[in-house]
Amino acid sequence: MDQPSRAAQIRRGVVRLNRRLRQERSEGGLSPNQLGVLGHLRRHGAATPGEVAAAERQRPQSLTRVFAELETAGLIAREPGTADRRQSVLTLTADGRRALERDMAERDAWLAMALGTLSETEREVLRLAGALMDRLADTEPDA
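The chain is annotated in an unreviewed UniProt entry as MarR family winged helix-turn-helix transcriptional regulator of Streptomyces sp. R41.

> Tell me what's going on with helix α2 (residues 32-44), and back it up with residues and numbers.
Taking 1.5 Å of rise per residue, the 13 residues of α2 would be expected to cover 18 Å, and the 18 Å separating its terminal C-alpha atoms lies within 8% of that figure. Burial in α2 covers these residues: Gln34, Leu35, Gly36, Val37, Leu38, Gly39, His40 and Leu41. Buried positions along α2 lie against α3 (49-55), α4 (60-72), β1 (76-80), β2 (88-92) and α5 (94-115). Positive backbone phi, approximately 80°, marks Gly45, located one or two places after α2.

> If you had to explain the pattern of salt bridges to someone new, which residues and values would you point to?
Under the defined criterion, the tally for this structure stands at nine salt bridges. Linking Glu24 and Arg20 is a salt bridge whose minimum nitrogen-to-oxygen distance equals 3.0 Å. Looking at Glu24, the relative accessible area reads 25%, which means it is partly exposed.

> Break down unusual backbone geometry for me, citing the residues and quoting the values.
With a phi close to 60°, Arg57 is a non-glycine residue in the positive phi region. Note on placement: Arg57 falls in the loop between α3 and α4.

> Tell me about the UniProt feature "domain: HTH marR-type" (unreviewed entry) in the chain, and please be specific about residues and values.
Residues given the UniProt feature "domain: HTH marR-type" (unreviewed entry) here are residues 1-137. With 69% helix and 7% strand, residues 1-137 has end C-alpha atoms that lie 23 Å from one another.

> Help me get a handle on the nonpolar core, residues and values and all.
Counting residues in hydrophobic clusters, the biggest one holds 18 residues, and the most contacted among them are Val37, Leu38, Leu41, Val52, Phe67, Leu70 and Ile76. Listing elements by their share of this core, those giving two or more residues are α2, α3, α4, β2 and α5. In this structure, Val52 is in contact with Val37, His40, Leu41, Ala47, Phe67 and Leu90, ignoring residues within four places of it in sequence.

Analysis parameters
Residues numbered from 1 in each chain as written. Predicted model: local features only at pLDDT ≥ 70, side-chain atom pairs only at ≥ 80, totals over all residues. Heavy atoms only, no water. Helix = DSSP H or I, 4+ residues; strand = E, 2+ residues; numbered from the N terminus. Expected span 1.5 Å × (residues − 1). Buried < 20%, exposed > 50% of the residue type's maximum accessible area, 1.4 Å probe, protein only. Contact = heavy atoms within 4.5 Å. Salt bridge = Lys/Arg side-chain N within 4 Å of Asp/Glu carboxyl O. UniProt positions renumbered as here; feature names shortened; annotations may be inferred. Core = buried A, V, L, I, M, F, W, Y, C linked by side-chain atoms within 4.5 Å.

Next comes the structure, spelled out in structure tokens:
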């Protein structure tokens, strides 16, 4: 199988699994953008809105409403920056961490059940694939 065919097969599998995992979230849960912001802050710690937007490959203006919603809900805190007081720094609150963990737990429960239908070897292959997909997600295209 050639590289483009492999890439297409992997993309299809990732897209279908991602779609199914989104379906396993409860009604009224966090939006994909909210999950992205909370997840970024959980993984990387405090960040400016611009840093979060860049990491999510969005413009800061596109996430302004998301930041405001998360702040109003008490899931993130916004404080003035220490180096530049005009720039705000976002941090994940304890409530934000719990909301993110609840959302992930819902999807993890379905995935754990689905993984139970596979052999031990298949589960190990997928565990390794997950680690490789994390690495691929951080790969920057050559400029």
